[in-house]
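Fold and geometry: a report
What follows is the residue order along each chain.
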Amino acid sequence: MSTTRFSALAGFLLLQGVSGFYLPGVAPRKYVHGEQLMVKVNTLTSDLTPLQFDYYNIPFCEPKGGEHQLPENIGEVLAGERTETSAYQFHTNVSRLCKVACRKTWTPQNVDEYRDFAGARFRANMRLDNLPAAELVVFRDQYGKEFVSYKLGYPIAEVSGYNSSKFYINNHLRFTIRYHNVKPTGTHMDKIDEPGVLIVGFEVKAKSIEHRYEGKWDEKCAAKNTCELFTCDPSRGPDPNAPKLQLRTHKKQEVVFTYDVLWVHSDVKWASRWDVYLQMQWQDDEIHWFSIVNSSVILLFLSGMVALIMLRILRKDLYRYNQLEQSEEAREEAREETGWKLVYNDVFRPPSHATLLSVCAGTGVQLLIMSVLTLLFAALGFLSPANRGSLLSAVLFFYVLMGVPAGYVSARFCKFVKEPNHFKATLMTALLFPGVCFLVFFLVNLVAWFKLSSTAVPFGTLIVLMLLWFGISLPLIFFGAYLGFRKEPFSVPCAVSAIPRQIPPQMWYMSPWVSAMAGGLLPFGAVFVEVFYVLSSIWLHQFYYLFGFLLLVLGILFLTCCEVTVVLCYLQLCCEDYHWWWRSFLTSGSCSFYVFLYSIYYAYSKLQMARALAAFLYVCYMFIVGFAFFLITGALGFLASFVFIRTIYSAIKID
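Rules used in this analysis
- Residues numbered from 1 in each chain as written.
- Predicted model: local features only at pLDDT ≥ 70, side-chain atom pairs only at ≥ 80, totals over all residues.
- Heavy atoms only, no water.
- Helix = DSSP H or I, 4+ residues; strand = E, 2+ residues; numbered from the N terminus.
- Buried < 20%, exposed > 50% of the residue type's maximum accessible area, 1.4 Å probe, protein only.
- Contact = heavy atoms within 4.5 Å.
- Areas by Shrake-Rupley, 256 points an atom, 1.4 Å probe, with all protein chains shown as cover.
- Core = buried A, V, L, I, M, F, W, Y, C linked by side-chain atoms within 4.5 Å.
- Pairing = 2+ DSSP bridges.
- Polar contact = N/O pair within 3.5 Å; in protein donor to acceptor, adjacent residues only side chain to side chain.
- Salt bridge = Lys/Arg side-chain N within 4 Å of Asp/Glu carboxyl O.
- Disulfide = S-S within 2.5 Å.

Below, the discussion takes up the overall build of the chain. If you tally the helices and strands in the chain, you get 18 helices and 19 strands. Counting all 655 residues of the chain, 52% fall into the buried class. Put simply, 82% of the contacts in the chain that link residues at least 6 apart link residues at least 24 apart. In the structure as shown, the chain presents an accessible area of about 31,400 Å², 62% of it carried by carbon and sulfur atoms.

Here we come to the nonpolar core. Among the nonpolar cores identified, the biggest contains 154 residues, and Phe 90, Tyr 114, Ile 156, Phe 202 and Tyr 649 are the most heavily contacted of them. Judged by nonpolar contacts, the second largest core, of eight residues, contains Cys 98, Val 100, Trp 217 and Val 256.

Extensive coverage of strand β3 (residues 49–53) is indicated by the burial of five of its five residues. Going residue by residue along β3, you find Thr 49, Leu 51 and Phe 53 tucked away on one face and Pro 50 and Gln 52 tucked away on the opposite face as well. The sheet contact formed by strand β2 (residues 39–46) and β3 spans two bridges and is antiparallel. Bridge pairing in β3 links Ser 46 to Thr 49. In this structure, the hairpin formed by β2 and β3 is closed by a connection of two residues.

This part covers the side chain of Glu 135. The residue Glu 135 is located in strand β10 (residues 134–140) in this model. One polar contact links Glu 135 to Arg 123, side chain to side chain, over a distance of 2.6 Å. With near-sequence residues (within four places) excluded, Glu 135 lies in contact with Arg 123, Ser 149, Tyr 150, Lys 151, Gly 153, Tyr 154, Pro 155, Val 204 and Lys 205.

Okay, the environment of Val 457 next. Relative to the assigned elements, Val 457 resides in the loop between α11 (422–450) and α12 (459–486). Taking the C-alpha atoms as reference points, Val 457 and Phe 442, separated by 15 residues in sequence, lie 9.2 Å from one another. In contact with Val 457, not counting residues within four places along its chain, are Val 77, Leu 78, Phe 441, Asn 445, Trp 449 and Leu 462.

A negative phi angle is the norm for most residues apart from glycine, just as the trans form is the norm for most peptide bonds. Of note, the phi angle at Cys 98 is positive, near 55°, even though the residue is not glycine. Following the sequence through the fold, Cys 98 ends up in strand β7 (residues 96–106). You can call Cys 98 buried: its relative accessible area is 6%. We note that His 353 has phi near 55°; this positive angle belongs to a residue other than glycine. Positionally, His 353 belongs in the loop between α7 (328–337) and α8 (354–379). Of the residues examined, His 353 reaches a relative accessible area of 60% and is grouped as exposed.

All right, on to the pattern of salt bridges then. Once their charged atoms are close, side chains differing in charge can pair, the charge on each being opposite to the other. A full pass over the atoms with the stated rule returns 14 salt bridges. Between Arg 123 and Glu 135 there is a salt bridge, with its nearest N and O atoms 2.6 Å apart. Of this pair, Arg 123 sits in strand β8 (residues 123–128) while Glu 135 sits in strand β10, placing them twelve residues apart in sequence. Of the residues examined, Arg 123 reaches a relative accessible area of 12% and is grouped as buried. Beyond isolated ion pairs, a larger network of salt bridges with shared partners links Arg 123, Glu 135 and Lys 205.

This part is about the state of the cysteines. What is meant by a disulfide is a covalent connection between two cysteines, made through their sulfur atoms. Across all of its chains, the model carries two disulfides by this definition. Disulfide pairing is shown between Cys 61 and Cys 102; the S-S distance is 1.8 Å. Negative torsions about the S-S bond denote left-handed disulfides, and the value of about -80° found for Cys 61 with Cys 102 makes this one left-handed. With Cys 61 in the loop between β3 and β4 (68–69) and Cys 102 in strand β7, this pair connects stretches of sequence that are 41 residues apart. Neither Cys 61 nor Cys 102 differs from the other in exposure class; each is buried. In this model, Cys 98 is linked to Cys 232 through a disulfide, with the two sulfur atoms separated by 1.9 Å. An S-S torsion of about -80° defines the bridge between Cys 98 and Cys 232 as left-handed. You can see Cys 98 sitting in strand β7 and its partner Cys 232 sitting in strand β17 (residues 232–233), a full 134 residues away along the chain. Each member of the pair, Cys 98 as well as Cys 232, is classed as buried.

Shown next as structure tokens:
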């Protein structure tokens, strides 16, 4: 019965990871014929650099009286999202061709700045009805098979060849708005007495056209819709034979921006309008299932190893050791055959830097609970991609609130290792991970400020982060530590001797670093496929939506870390080496080292970052991710080993 319930729950989470995207209360917006629509512009992004820039860093057309839209949540600010109004005018169900947005005269400095953006392959992002603009692209695999997919935004320039220095300005945009007709239903929707449409698709296609006109340009013709261009006819559209507008570096240049608006009826329902963004060509469900099967095989293998140790070896050893009627020679023989029992007076001896280990364990528990809660809410559909920044906001929110278990776990182990300075231990718990992240993040922020990037977090947001850290997280950690220090220390079955036992010489493969690095391979093998998709969604600016898969893989990772660490810890004790404390943390924590190395390989093979600054920022961001991963997996391995050792030594009878 329990297996059936687990399967049903796993299936439910997987389905929710595909179909649940909208927060409760999010309702569609109906537009009536001729109603003016608000088109928003977002940041400029590129696959070649983590830096993002404001849309109007490039001298595009700006609306009169345009305003900057305040971010909806702190996650949007941390993600570098900047939203502003645009000069493009849309009206419901009104198609137009060759409408002039504006005419710009770029200075040589503007031209050179544009060339830098074009060389870095930046794309401009826009939104309509909270739906991102996407370009329809065609991929070809190694066998020549075509795949049709969408890519967010549009390229600001067309490049003549991949490594060419010749750029063409994409100054003409064709917008295709897909809509679904709705009839009055007498509900709470806007303007229920009139028929309307729901927007279910927003596509954009960029093109370069060297526009020509006669005489002197009338600056007011765009507002009056009276501009006449030889290369773009309002009744037929752009001239297909018109030459492209080449970017001329170090020279003054005139650019006329035009656009088309096409309204196309679609049978897509409003609730399914995100499907085209979420079902990207690079996200294949079969590959995710293969990853889960692969991880499950590894988990089953390790479970068999643990079962073998617990049910056969340990059970046999304990039975022979606990037979009181045996002779003293037989008991000594049993002890010599199983060396893990010989170190019972030293196995609970506190290690060096025991306070730091306790702090790392508490911080790892905090990050562990934060990760599980975030993925659980995402899998259930509470973190919608339509709500920008919601995922990052949830991560920050859950991290701050999980200060209580962090302080509690850290305090329990600090009391166990007899740490006299409780205040220092608690303060270290509050400062370890946020302090490291803040230093790295502040360094990245200085670079972003210097480059005038929208990735730079405003000073006011930094103050808010500091208030969350010291105003909420710190008191919660101290409260958790207060509860932990009030508890009695962990009871252990074996007393610690006054004189440490000498550890016999070990084989090379049992050295701490070799066993620790070997222990991280299996957990990494269980998750590396999913790591690829997560990295692609972050750095290639795609939407990741298979949170059900990710939650399942995360559970497999946690079990794998625990079982690998328990097996290696048992082998270490059999070699009469009782220094298991830090080694158990490093054994499972070394998985983060492989994740970090894989992220470097991914950047080299997929992102093709040509500039050292972009690579430096990428390494800084991945260092924060790797450090968090190290604390999570390390804490899991350490706690599993602690429980395992208490269990096996509680089962033997000590004279």
